[in-house]
Structures are given as structure tokens and as C-alpha cells.
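Coordinates in review
As a plain string of letters, each chain reads:
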Amino acid sequence: MPQGREGVILPWVQGQNNYHVRGPELPRVPVAAVENASGWNVSWRGPPRQRNTLHHPHPAPSKNRSAWVGLGRAQPITGPLSCYVRARSPIRCWGWACRGVRGWGRDESPLRAWPTTCGSRARLLVLRWVLAREARRRRRRRGKELRASVCDRFSQMFVSLFPQLSGIFILESVDHLLSAFKMELYFENLSKQKKQVMEKNGNNRKLRVCVATCNRADYSKLAPIMFGIKMEPEFFELDVVVLGSHLIDDYGNTYRMIEQDDFDINTRLHTIVRGEDEAAMVESVGLALVKLPDVLNRLKPDIMIVHGDRFDALALATSAALMNIRILHIEGGEVSGTIDDSIRHAITKLAHYHVCCTRSAEQHLISMCEDHDRILLAGCPSYDKLLSAKNKDYMSIIRMWLGDDVKSKDYIVALQHPVTTDIKHSIKMFELTLDALISFNKRTLVLFPNIDAGSKEMVRVMRKKGIEHHPNFRAVKHVPFDQFIQLVAHAGCMIGNSSCGVREVGAFGTPVINLGTRQIGRETGENVLHVRDADTQDKILQALHLQFGKQYPCSKIYGDGNAVPRILKFLKSIDLQEPLQKKFCFPPVKENISQDIDHILETLSALAVDLGGTNLRVAIVSMKGEIVKKYTQFNPKTYEERINLILQMCVEAAAEAVKLNCRILGVGISTGGRVNPREGIVLHSTKLIQEWNSVDLRTPLSDTLHLPVWVDNDGNCAALAERKFGQGKGLENFVTLITGTGIGGGIIHQHELIHGSSFCAAELGHLVVSLDGPDCSCGSHGCIEAYASGMALQREAKKLHDEDLLLVEGMSVPKDEVVGAVHLIQAAKLGNAKAQSILRTAGTALGLGVVNVLHTINPSLVILSGVLASHYIHIVKDVIRQQALSSVQDVDVVVSDLADPALLGAASMVLDYTTRRIC
């Protein structure tokens, strides 16, 4: 039976000349009761001692309630609009303008106004005509007096027509009648809207929508749409088709959560061919293509909703397109970075309508020649649930999945899938991830991978490492989406390569580590740290140290929580009478300008800090290695002054970066001494930088700037700068020596920087080249730094100056100027034999150190960096020819062409690890 609404007339059942109307329920309404024997009586059960009886000569109806007007078969209607009136002719109930009676299914009996003669029917027709006429007059009248007149006329006419029923319909006030008119207008508009949708669909029928879901991930996006469709049965009919990994026990039998959501599953299709390799994926697509035509022929949907980029979805879209069924594709136009891109774009070309989540995805669809009028920028449907999820009781969920002793923000969620274009590497990366998580020693919830090729091998890796029995790990096949979003919302970190990490988790600001290239093309918020080449455990472990426990600003890149209403409105606007054939819109492409700061083209940059023995420098460095702006101050002598100055300069540089349209991705710090880069702590510094031992640089900077911070030794930073921007770019093995106030170095081996077991690797300045050489700042003697550093040359220059052997013709040193290495070099250039001898000795000491490096590491290139490199290069090459083995004499030794290797190296630590947004 159709559900009536206030002021709306609906036929009772097809084939009966009966009509059913309902009006509002009011607390003081008398309730009808039936008392009868031969005829029938209608009596009004009101206040005590107030009972009127009206006798009719007709026989009484059956005592069987289901025989009365069909009320027993009707679905009960609850709520404020719940009174029923029945007659052979249609009649309108004007809401608050009249008193009704309670409906069937209540404690009292319903009113049974059985028609008797044509006179009764005529009266009802007249009443209907009067009400309609008064409604028309009401719309033309204005003013309080005219409205009161309408109420009076209505009351008088009703009493004159039905004097015996005058106790039922009582006009309360003008306001009640106005409320009735407003409500009538609302339902009339709803009826018009429904009529328009029905006319578009042809034959006045509902839009039949088929939603096909393949796995737990796409159901989380499709479920809000399905709920929305189900809530509007007057416009839509919903058919649900379940296939893919939903029906496999190894992946959690997730079809059950669809049943728990009270959706009727019309069809279950077992389409997965087990094997979890490339061939099995192809066979699964073929099996789905074989089974789907029968299902679609039976359901005959008007439109098929397909989500995402899975191979199952490709089979669905192919079947629907070939069977002339319109396709609505959810989340088209996005870019991730694997074979999923190809599948997603293939579905886009098959689909007739598109719902995208971001402005750039919309632009991609337009660039792919899709019709702009058939593209809806709605946002991600899952955000409709995400943005209202965080305030729920989450501790019980955390305890259920991770144990009673786990606290919020003190656990990790790991979700990693195979990359079908590079299965071997993705399995290796997963193994390194588990090793890093074991070393990190935090409680971790590990979800099993999806059913893509390579997933079986990843599960074997989990079992080989005993993850399912490890006390710090909880391995699960599936977590219901409502609980999963609570878990990631309150996690200390999420790690893996799932799209959930770069899309949904941003709504909570939870730190995310995105491993590999599976999601590298997606737009991400500030909470995502990309580790593209996750080929070592140390990289992943360092990323965990950087991200765990942070809280980032919430991001709404993918939605604002209102996607489903937009999608439903879009579905209602689809005209089934339009030609099915797609139209492609070729260039020129329509441009859409976004005012969102996240979509403005910015220069991806890093803040680089260089703590030297004399100066403290901060620079904004672009992705291409260009120094956009640089700040220089003298390095203070005390810890407090130094750390405050660093914070002040970094804050000023970050503010200036906004004006320069630079997006700061992180902070890299280069400092002298021995550094633990994993913790961001300076363990021991050189004597040049006082009060700089056991100093945590990462925490104060990260807390102040809300950015990730990297710290390393200045020699290592010089090597990193050469690897990214300099002559070491693309080389597998090379060594950098930096010559300045001291002597440092960095070693790149198999594309990786060598730190050593106690972070003391590449201290090349302290290689001993003479057993009885001068004292070194490290406490030893005969080190390279004692001969070739700027301090050593300054020491020798002072000796010559004190002996009056430094100055030559054409050279002078002002009295207020400190004698330094620069004066020694100047004297050597002007022919001072003593100065030339000192430089030659220094260059020889450096050359012997390089020979030792060649014999120990055997790199393919040696790069001399720093202000003294050009003065030493020829001497070093001579020493190599004289002292080195013949097998390493061909190794090239060059001077760096980088102006600021320490700053560029500090910046490279940031730029190598993360690209926060792809513009």
C-alpha cells in the first residue's frame, strides 16, 4: 500500500474504488469506536458523559479487521501524521485545519465512515471542491483579516455539510491553517519533483540503480550512497550485486557487513580465481565477464554504479557498457602511480557519468575529453561518515583490536598491498617494513593485503616472521569500516601504501608514512610522509621516528561531508531519454580556477640550516636546488642563545616563504660533530661549537614549526648535496671531502649514505697520515685536519707572520685584521716560498688521505668540496699518481661546482624523503 502524506490523496489498492488520506494526530482528538448489531453506529468516545450516537441503516461490516478497508494489510504509519479517513471518493485532509482520528495499529479502533448512498458521496465531493476553491482563494489573498475569513468560511461550510461530524473537525486558529497551507505546498513540491524524475525515467517509473561492490575498500565508499538511495524509495529502486573478495573466507567474508547494514543482496557472484598472481587476475576478469550478463539481463538496471580502479570494476564496467547500461563511475580522474591508473582511466572511458573527489581529478577528466556536464565534483562519499566519526567511544574499539593496555596515539596501523607492476620489490619492501616495525617496538595492528597478484607471498612473509603470534602485533583480515576509522583516527601513525592512508586518514590529521610508488601521484595533506625508495630498513625506521605521535591539521582535500546529497541529486537529474552514446569534448579544455590554497601552484621547498664554526645560516631551497633566500648570523657561543636564534631564523624564513609562494616541506640541519640522524641528536660536537653535546635539535624545531626535521653531520650533508644536485648524481659509489674550517667527508655506497654503527663513518679529517705530525683538535696528532684544515693553515700563517716571513711585496695585513688562511694563500700566489711549502704539505696530507680512501672503499669518484678544494686539487692528483695502486689511479678526482654544499645537503634530506603534494 502506498504511504500517504498530509494533503496527498493516494489510491488504496489497485482495483478498489477506495481512497486513503491521513492528517495530523492531535492529543485532544476524540477517537471513534464501533458499536453495531443490525446496522452500524459511529460513536465518539470523548470526555466523560459526552457520547453521541449516529445510526446508519446499512448492515454492519465484518468483524474481521483485515476486511475493513484494508487497514489490516497496510504498513503502519507512525509519527505526527497518522490519522486515516476512508471513502469511495477522494478527499483531502488539510492538516492542522481539521481534527483527525488515530490510525490503525493503535490501542483505539479506527473511524469507519462507510459510504451509504450517493448523497453521502456527493457531500464528500462537495467538501473536496470547497477545500480546493478555498485554497485557490487563499493564495490570492493577503492580510490577517482575509486569512481569518477563510477559516470562518471553512468552518461554516463544513458544519453545514456535515452537522453530525462537527465534533471531529475543529478549526483552532489562523496559524494552524497557514501551517496546513505551507505543509501542503511542501508536499506539492515533492510531488512535482517526483513527477519530473518519473517523466525523465520514462513510463512514470522509478530509477533502478544497481550498485556492484567487489571488496571491503570500495564498499566503504559505496555504502553511504546505498544508504542514501535506500532512504528515498519514492525515487529509486536499489539492486545490490556482490562479487570478488567479499565472498572469500581468507579475506574476511566481508559480504556479511553488507547484510548487517540491512541491504538485500540480489546476487552473489564468485568471480575470483585463486592464485594471487597476474594470470589469476586476468582469469578473474574473464570469469566475471562470463557471469555478469545473466545477472544484468535479469535485473535490467537503468544505471550501474562502479567504484574505483580494481580489476573487478573493469569487468563490471565492460559488461554494463556492452549491454547498453549507463555507468556512473565514482572517484575517476585520480592518479596513483601503478597499473590502477590504467584500469581507472579505462573505466572512465567506458562510463557515461563521473563523480570525482578533487578539483584536479575533475580537470583530469576534462582533459580526457569527458563531457563536463556529466562530471560531478562531489567529494569522497566516505567523508560523509568520517567527519562525524571521531567523537564516538573509541577506547573500547582500540581495546577490542589491540588489547586493554594500549592507549590512544600509542599504536600503529599497518596496511600494505602488493604493487602488481613490481611484485618482487613490493614483497621486499613489505619485509623491510615488518623488520622496521619489530625494531620500533610499538603495538601494531597489521591488516592482511588485498587480493592482488603478490598478496599470497606477502602473507607468507608475515607468517615467516611470526607476526600473527608476536606479542606486539595483531594481524587481522578485516576490520569493519566504522571501527577502522576510529582506529586510524587515534593511531600514533599509519604506515603502508593503501589509498586510505593518503585519502581518508587526512581527515583526522593522523601521521602517515606512504611507502613506495603505489600512491605517489595522489594529492595528500601535510600528514603524509612519502618514502619513495623504501629499500632499506633504516629509511623506514627513520620515517617512523619522524612521524610517530605527531598531530597534523585535519585535511579536507577529498571531501566536506556532503557528497551523498550531491550524488543523489545528480542521479535524479539523469534523463534516460537522452541518447546512450557518449560524447567526447575535445580541446580547448574548460579551465576552473580554485581558490583553495592547497591547489595553488607553489614552489616545493625546504628550510636548510647550516651550523658552522663561525656562522649560522638558514636558507629556503627549492626542489631544483636553487637557494631562493638566505639568512646569515654569527653563531652564538652558548646553547640557549644558539637554539633561540635557530628557532627565530627558521620562523622568519617560513613566514617569508609564504610571501615567496614557496611551500616548506620540512627542515634539514647540517652541523659539525657526530650526529645520530635517527633521533635528531648531536652526540658530540667539535671544539669550534661550544655547549653542543647531547643536543636534541629535532624536538624544539618540530614543535615550533609543525614540520618534520632531519639532522646530520656537515660532511654527510655535502655528500647528499652531490648525490642530488652535484657531480655524484646517478653514481652508485663516490666519496666527498669537504675542506673548510675543519675537514669532513661523506661516503655514498650503493646509492646510500654510510653512517656506521656508531654514526662515526666518513670522519675523513681524522685519518692519520703521519705518526709525528702536529696536534689535532680531536686529541690525536698527525691527522689530515691538523695539516689541511682552515685552522691548520691559519696556525701556520700566524707563525710566519710572527716571524715576519708572511708578507711579500704587494701584500699587507691591517693591524686590526686577524691573520688567517686567506693571507697564506695570497702570499703563496705572490711567490712566498714558505707559504707555498705549507700549502704543498697540506695538499700532500690530503692526497694521502684520499689514497687511503681509494684503497679502502674503491669509489668511482672523489669530489673535493669547500673553499680550499681548488687549491688542493692538483697536489692531490699528483699524490695519487705517486702513491696509489695502479688499479685506482684512474679514479677521477674533481672539485665540486656547488656553492653551498652544506645547505644543499641539508635541503636534500627533506626533498629526497617527501613531496607533500604533486602539483
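Residues numbered from 1 in each chain as written. Predicted model: local features only at pLDDT ≥ 70, side-chain atom pairs only at ≥ 80, totals over all residues. Heavy atoms only, no water.

**Quick notes on the overall build of the chain**
Keep this limit in mind: Each helix is a run of H or I in the DSSP string that is no shorter than four residues. Each strand is a run of E no shorter than two, and both are numbered from the N terminus. Any residue under 20% of the maximum accessible area for its type is buried, any over 50% is exposed, and the rest in between are partly exposed; the area is computed with a 1.4 Å probe on protein chains only. The contact criterion used throughout is that any non-hydrogen atoms of two residues lie within 4.5 Å. Reported accessibility uses the Shrake-Rupley method at a 1.4 Å probe radius. Residues are deemed covered only where the shown protein chains occlude them.
Broken down by element type, the chain carries 26 helices and 32 strands. Burial analysis of the chain (919 residues in total) assigns 54% to the buried set. When contacts within the chain are restricted to residue pairs at least 6 apart in sequence, long-range pairs at least 24 apart make up 68% of them. A total of about 40700 Å² of accessible surface is found on the chain, and carbon and sulfur atoms cover 51% of it.

**Points about empty space enclosed by the protein**
To keep things clear, this is the line we draw: We place a 1 Å grid over just the protein atoms. Points where a 1.4 Å probe fits but has no way out form a cavity, open points with protein on both sides within 12 Å along at least 5 of 7 lines form a pocket, and any residue with an atom within 4 Å of a point lines it. Grid points are joined across faces, edges and corners, and a volume is the space filled by probe spheres set on the points. Polar here means any residue outside two lists: the nonpolar Ala, Val, Leu, Ile, Met, Phe, Trp, Tyr, Cys and Pro, and the charged Asp, Glu, Lys and Arg; Gly therefore counts as polar.
For the coordinates displayed, the defined rule picks out nine cavities of 30 Å³ or more. Space inside the largest cavity adds up to approximately 690 Å³. Taken together, 43 residues make up the lining of the largest cavity; nearest its centre are Asn215, Arg216, Ala217, Asp218 and His417. At the level of secondary structure, the elements contributing two or more residues to the lining of the largest cavity comprise α4 (216-230), α8 (339-350), α14 (481-489) and α15 (499-502). A total of five residues in the lining of the largest cavity trace back to one element, the largest contributor, which is α4. Along the lines of polarity and charge, the residues of the lining of the largest cavity split into 14 nonpolar, 15 polar and 14 charged.

**Here's the deal with the UniProt feature "binding site: an N-acyl-D-mannosamine" (unreviewed entry) in the chain**
So the rule is basically this: UniProt positions are given in the numbering used here, feature names are shortened, and annotations may be inferred rather than shown by experiment.
In the numbering adopted here, UniProt assigns the feature "binding site: an N-acyl-D-mannosamine" (unreviewed entry) to Arg674, Thr686, Asp714, Glu763, His766 and Glu785. Within the element layout of this structure, Thr686 appears in the loop between β25 (681-684) and β26 (695-696). Residue Thr686 is classed as partly exposed on the basis of its relative accessible area, which comes to 35%. With near-sequence residues (within four places) excluded, Thr686 lies in contact with Gly672 and Gly673. For Asp714, the location among the structural elements is in helix α20 (residues 714-724). Overall, Asp714 belongs to the partly exposed group, its relative accessible area being 24%. Apart from the residues lying within four places of it in its own chain, the contact partners of Asp714 are Ser670, Thr671 and Gly672.

**A closer look at the sheet that holds strand β10 (residues 303-307)**
Sheet strands associate in pairs through backbone hydrogen bonding, adopting either a parallel or an antiparallel arrangement. Definition in use: DSSP calls a pair of strands paired once it identifies at least 2 bridges connecting them. Lines are fitted to the C-alpha atoms to define the axes, a helix being fitted only along its stretch in contact, and any angle between axes, read from their N-to-C directions, falls within 0 to 180 degrees.
Here we have seven strands laid out as an open sheet, ordered β9-β8-β7-β10-β11-β12-β13, and parallel in their pairing. Pairing within the sheet leaves two strands with one partner each, and these edge strands are β9 (265-269) and β13 (375-377). Here the average twist between neighbouring strands, direction ignored, is 20°. Here strand β7 (residues 207-213) runs beside β10; their pairing, made up of three bridges, is parallel. For Val211, the partnering residue across the bridge sits in β10 and is Ile305. Running over the sheet, helix α7 (residues 311-322) touches β7, β8 (236-243), β10 and β11 (326-330) and is turned about 160° from β10. Along the sheet, helix α17 (residues 563-572) contacts β7, β8, β10, β11, β12 (353-356) and β13; its crossing angle with β13, the most-contacted strand, is approximately 160°.

**A few points about helix α22 (residues 790-802)**
Residue pairs spaced three or four apart in an α-helix point in one direction, given the helix's 3.6 residues per turn. Put simply, the rule is: For a helix, the expected span equals 1.5 Å multiplied by the residue count minus one. The arc in question is the one traced by the directions running from the helix axis out to the C-beta atoms.
Its 13 residues place the ends of α22 18 Å apart at the C-alpha level, agreeing with the 18 Å of an ideal helix rising 1.5 Å per residue. Gly790, Ala792, Leu793, Ala797 and Leu800 are the residues of α22 that are buried. Buried positions in α22, seen along its axis, are confined to an arc of 160° and lie on one side of it. Along its buried surface, α22 packs onto α21 (784-788), α23 (821-829), α24 (833-856) and α25 (869-883). In the stretch just after α22, Asp804 is the one whose phi turns positive, near 60°.

**Looking at unusual backbone geometry**
A positive phi angle, close to 70°, is found at Glu331, a residue other than glycine. For Glu331, the position within the fold is in the loop between β11 and α8. One non-glycine residue, Phe759, adopts positive backbone phi at about 60°. Checked against the element boundaries, Phe759 lands in the loop between β30 (752-753) and α21.

**Observations concerning the pattern of salt bridges**
Once the charged atoms of two side chains with opposite charge are near each other, the side chains can pair. Where we set the bar: We define a salt bridge as a contact between a side-chain nitrogen of Lys or Arg and a carboxyl oxygen of Asp or Glu at a distance within 4 Å.
Going through the model one piece at a time under the given rule, you end up with 38 salt bridges. Close ionic contact of Asp535 with Lys539 constitutes a salt bridge, the shortest N to O distance being 3.6 Å. The exposure class assigned to Asp535 is partly exposed, which follows from its relative accessible area of 38%. Among the salt bridges present, the one from Arg617 reaches Asp900, with a minimum N-O distance of 2.5 Å. With Arg617 in strand β21 (residues 615-622) and Asp900 in the loop between β32 (892-895) and α26 (901-913), this residue pair connects regions lying 283 residues apart in the sequence. Exposure remark for Asp900: the relative accessible area of 11% places this residue in the buried category. One network of salt bridges, with partners in common, ties together Lys221, Asp309, Glu331, Glu334, Asp341, Arg344, Arg503, Glu504 and Arg522.

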